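Structural characterization, general
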Amino acid sequence: MTTTALRLVVISAGASDPSSTRMLADRTAQRAVALSRERGRDVELTVIEIRELLPELPQALSSQFMGPGFTKAIEALVEADGIIAATPVYKAAAAASFTGFFQVLDNDLLIGKPVVLAATAGTARHALVVDQEVRSLFAYLRALPVPTGLFAAPEDMSSTALTSRIDRAAKELTLLMESGFAKAVREDSWKSYSHEFGSAGGTEVSVDFESDLMRLATGGTLPRSGDA
Amino acid sequence: MQFGIMSVSDITRDPVNDYTPSEAERIDNLTRIALKAEEVGLDVFAIGEHHNPPFFSSSPTTFLAHIAAQTRHLTVTTSTTLITTNDPVRIAEEYAMLQHLSKGRMDLMLGRGNTAPVYPWFGQDIRQGLPLALENYNLLHRLWREDVVDWEGNFRGPLQGFTSTPRPLDDVPPFVWHGSIRTPEIAEQAAFYGNGFFANHIFWPKEHTQRMVQFYRQRFEHYGHGSQNQAIVGLGGQTFIGKTSQEARDRFAPYFREAPVYGHGPSLEDFSSQTPLAVGSVQEVIDKTLSFREYVGDYQRQLFLIDHAGLPVEMVLEQLEYLGGEVVPVLRKETEARREPGVPDAPTHASLVKAKYGDAEPRQPRPNANRGDNVTGASPYQDSQGAEAVYPTL
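Structural notes, computed from the coordinates.

1. A look at the sheet that holds strand β4 (residues 81–82) of chain B
Residues and elements named next belong to chain B. The parallel open sheet is built from 9 strands, whose spatial order is β3-β2-β1-β13-β10-β9-β8-β5-β4. On the outer flanks of this sheet lie β3 (75–78) and β4, each paired with one strand and no other. Where strand β8 (residues 176–179) lies against strand β9 (residues 196–199), 3 bridges are found, and the strand directions are parallel. What sits directly across from His 178, in β9, is Phe 197.

2. Re the interface of chain B and chain A
Across the boundary between the two partners, chain B contributes 29 residues, which contact 26 residues of chain A. Note on chain B versus chain A: buried area summed over both sides is about 2,300 Å², and carbon and sulfur give 63% of it. Broken down residue by residue, the surface that chain B buries against chain A is led by Asn 154, Arg 182 and Arg 211 of chain B, which jointly contribute 25%. Applying the counting criterion to the chain B and chain A interface returns 1 salt bridge. With a shortest N-O distance of 3.6 Å, Arg 182 of chain B and Glu 196 of chain A are connected by a salt bridge. For the interface between chain B and chain A, the tally reads 3 residue pairs in polar contact (both at pLDDT 80 or more). Breaking the side of chain B that touches chain A down by element, the ones donating at least two residues are α5 (129–143), α6 (184–193), α7 (206–222) and α9 (268–274) of chain B.

3. Remarks on the nonpolar core
Judged by nonpolar contacts, the single largest core of 115 residues is most densely connected at Ile 5, Phe 45, Tyr 216, Phe 252, Leu 320 and Leu 323 of chain B. Per-element tally for this core: the top contributor is helix α11 (residues 313–338) of chain B, with 10 residues. What Phe 45 of chain B contacts, discounting residues up to four positions off in sequence, is Ile 5, Leu 30, Ala 34, Phe 63, Leu 64, Leu 74, Thr 75, Val 76 and Thr 77 of chain B. Ala 95, Leu 109, Ala 119 and Phe 138 of chain A belong to the second largest nonpolar core, which has 40 residues in total.

4. Thoughts on the pairing of β8 of chain B
Residue and element names in this part refer to chain B. Burial of β8 is two-sided: the residues Val 176 and His 178 facing one way and the residues Trp 177 and Gly 179 facing the other way are all buried. Sheet topology places strand β5 (residues 108–111) next to β8; 3 bridges connect them, and they run parallel. Counterpart to Leu 108 in the pairing with β8 is Val 176.

5. Details of helix α10 (residues 282–296) of chain B
All names here are of chain B. The end-to-end C-alpha separation of α10 is 22 Å, in line with the 21 Å expected for 15 residues at 1.5 Å each. Every buried residue of α10 is accounted for by Val 282, Val 285, Ile 286, Thr 289, Leu 290, Phe 292, Arg 293, Tyr 295 and Val 296. Phi turns positive, to about 85 degrees, at Gly 297, one or two residues after α10.

6. Brief notes about the packing of aromatic side chains
Any aromatic ring pair is given by two values, namely how distant the centres are and how the planes are angled relative to each other. Per the counting criterion, the structure on display carries 21 aromatic pairs over all chains. Measuring from ring centre to ring centre gives 6.5 Å for Trp 177 of chain B and Phe 198 of chain B, while their planes differ by 85 degrees; the resulting arrangement is edge-to-face. Remark: Phe 198 of chain B occurs in strand β9 and Trp 177 of chain B occurs in strand β8; sequence separation between them is 21 residues. Of the two residues, Trp 177 of chain B and Phe 198 of chain B, neither departs from the other in class, the shared state being buried. In this structure an aromatic cluster arises from ring pairing among Phe 65 of chain A together with Phe 240, Phe 252, Phe 256 and Phe 271 of chain B.

7. Section: the pairing of β5 of chain B
Residue and element names in this part refer to chain B. Side-chain alternation along β5 places Leu 108 and Leu 110 on one buried face and Met 109 and Gly 111 on a second face that is also buried. Two strands pair when backbone bridges link them, and β4 and β5 are joined in this way by 2 bridges, in the parallel orientation. Across the sheet, the residue bridging to Leu 82 is Gly 111, located in β5. Regarding the hand of the β-α-β motif, the stretch spanning β4, helix α3 (residues 88–101) and β5 is right-handed.

Reading the values: the criteria
- Residues numbered from 1 in each chain as written.
- Chains lettered and ligands numbered in written order.
- Predicted model: local features only at pLDDT ≥ 70, side-chain atom pairs only at ≥ 80, totals over all residues.
- Heavy atoms only, no water.
- Pairing = 2+ DSSP bridges.
- Helix = DSSP H or I, 4+ residues; strand = E, 2+ residues; numbered from the N terminus.
- Contact = heavy atoms within 4.5 Å.
- Buried area = accessible area lost by both parts, 1.4 Å probe.
- Salt bridge = Lys/Arg side-chain N within 4 Å of Asp/Glu carboxyl O.
- Polar contact = N/O pair within 3.5 Å; in protein donor to acceptor, adjacent residues only side chain to side chain.
- Core = buried A, V, L, I, M, F, W, Y, C linked by side-chain atoms within 4.5 Å.
- Buried < 20%, exposed > 50% of the residue type's maximum accessible area, 1.4 Å probe, protein only.
- Expected span 1.5 Å × (residues − 1).
- Phe/Tyr/Trp six-rings, centres within 6.5 Å; stacked < 30°, edge-to-face > 60°.
- Right-handed = clockwise from strand over helix to strand, strands pointing away.

Taken by themselves, the reported measurements are silent on function.
See below:
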């Protein structure tokens, strides 16, 4: 293995330790790491337990003030080549801690990054939460959810069907990570997304000096309404 | 280096004794605080601008003129003046007036204001806040430098032959600071004009401040106003000082917990370790404040917020005793000792007069007699350059 290791970040919103959500995420991560190694790329794995960040979540939500745990999580996500995001389903929706975590991140932090979406629930009736709710959150963040979403009700935990879905999702993730898609977006078309100064976890500090606003800032004028 | 205090003029219930001051009391108290700042030897007093309760400071120039009239050394300024919802013509007029009355002991800091409902009260739209701020300053800059302005823009009516009166004291415009947390266009405008840049430096970790100040310094140099370390930088900050660190934390904690801006959020410990908030003994506050220059470089002005969140006036006056008596004297000495060679002081009226005129007498504009064209303004002053109006003898 001569090339640099891929960085995979697992984000779990499981409420207990261990949780079935974390177990689903770990099974997926293990498959992705194994597949990647088979294909000649090592993988560095980082796990973010949202449960451990909960004390920092209220202040992050109310004042965009990131505590030390959030800051470390964001640093890991900046570097991530791929993500596995897993949440329990409560009341027919992803856990509030899970959506809360992603709502405080910069809008451009996850652009182009491949993500396996995974959820667990007490009943199969929640099965569509992954594809109907969680997927739209990641669409907003312009992340790249892999085609296969994972969902596990209690009866799925020991089924071979879930294992093959995990394999499929892990394979999709591995191929997308390997392709370097997110990095290529960052290099080639990053400017076409909207950014704030210091966004993308503090890494976005480029400034377009040719913009209308920059011209206005330097004593120029805006195009007048009615001007061609 | 200048040291001072800045107030947002909030009227907040004291969470310890459940007492909410009246507007009248708070206005009188803030006057006492400003006068005390002069008494204990601070350099600067700043007040914000707000147009909704629980704040009182809708008319900062009136308040600051009152303070300037009762002080001899203090520089009065704003934190901030709303460059969005104020007509730049009114800013030019009001602050030039303040400049005359204070004999130049004033400057001002421009900010956008982030309370959306305020904008429509003044006929504006927060979605246009940034272009509005930039365009308004471009106009303000000219109004203080050109006797007669023809101007047209997107956000107010055009001006033809307009003269903003009074002309600035000694025909030297007030020094302007541009305040911003994360908007590079504002830092760019400050750098372009060679004005000061002020970072709020209260709520967020230092990385935000560091990024913006660094950007401003680079652009200041880019526009040829001097080297990066000669750019004019100001920082906010927040402090509460006690006999011991424990005493400071114990006394400040109830106010911190209930503070409108960050109350019920982060703990005092977390907020202290992750933001510039300095709560502790004299030495702790000195040490933390001295650490600011390590990430922004040598800077010219440090303003502390000490009177918000319902802190009673007696406690604020006591804080001023600590600041003026024990903290700032050490900070002056230490910052002076550490300052790189070639770093300028914050501009004052005297230094700006000197820069413009050297040893020559400053210009004193004297209006021409009213000839009936004083509102169309070809040549309003006796020494005006430009077209002389010619009147046929009838």
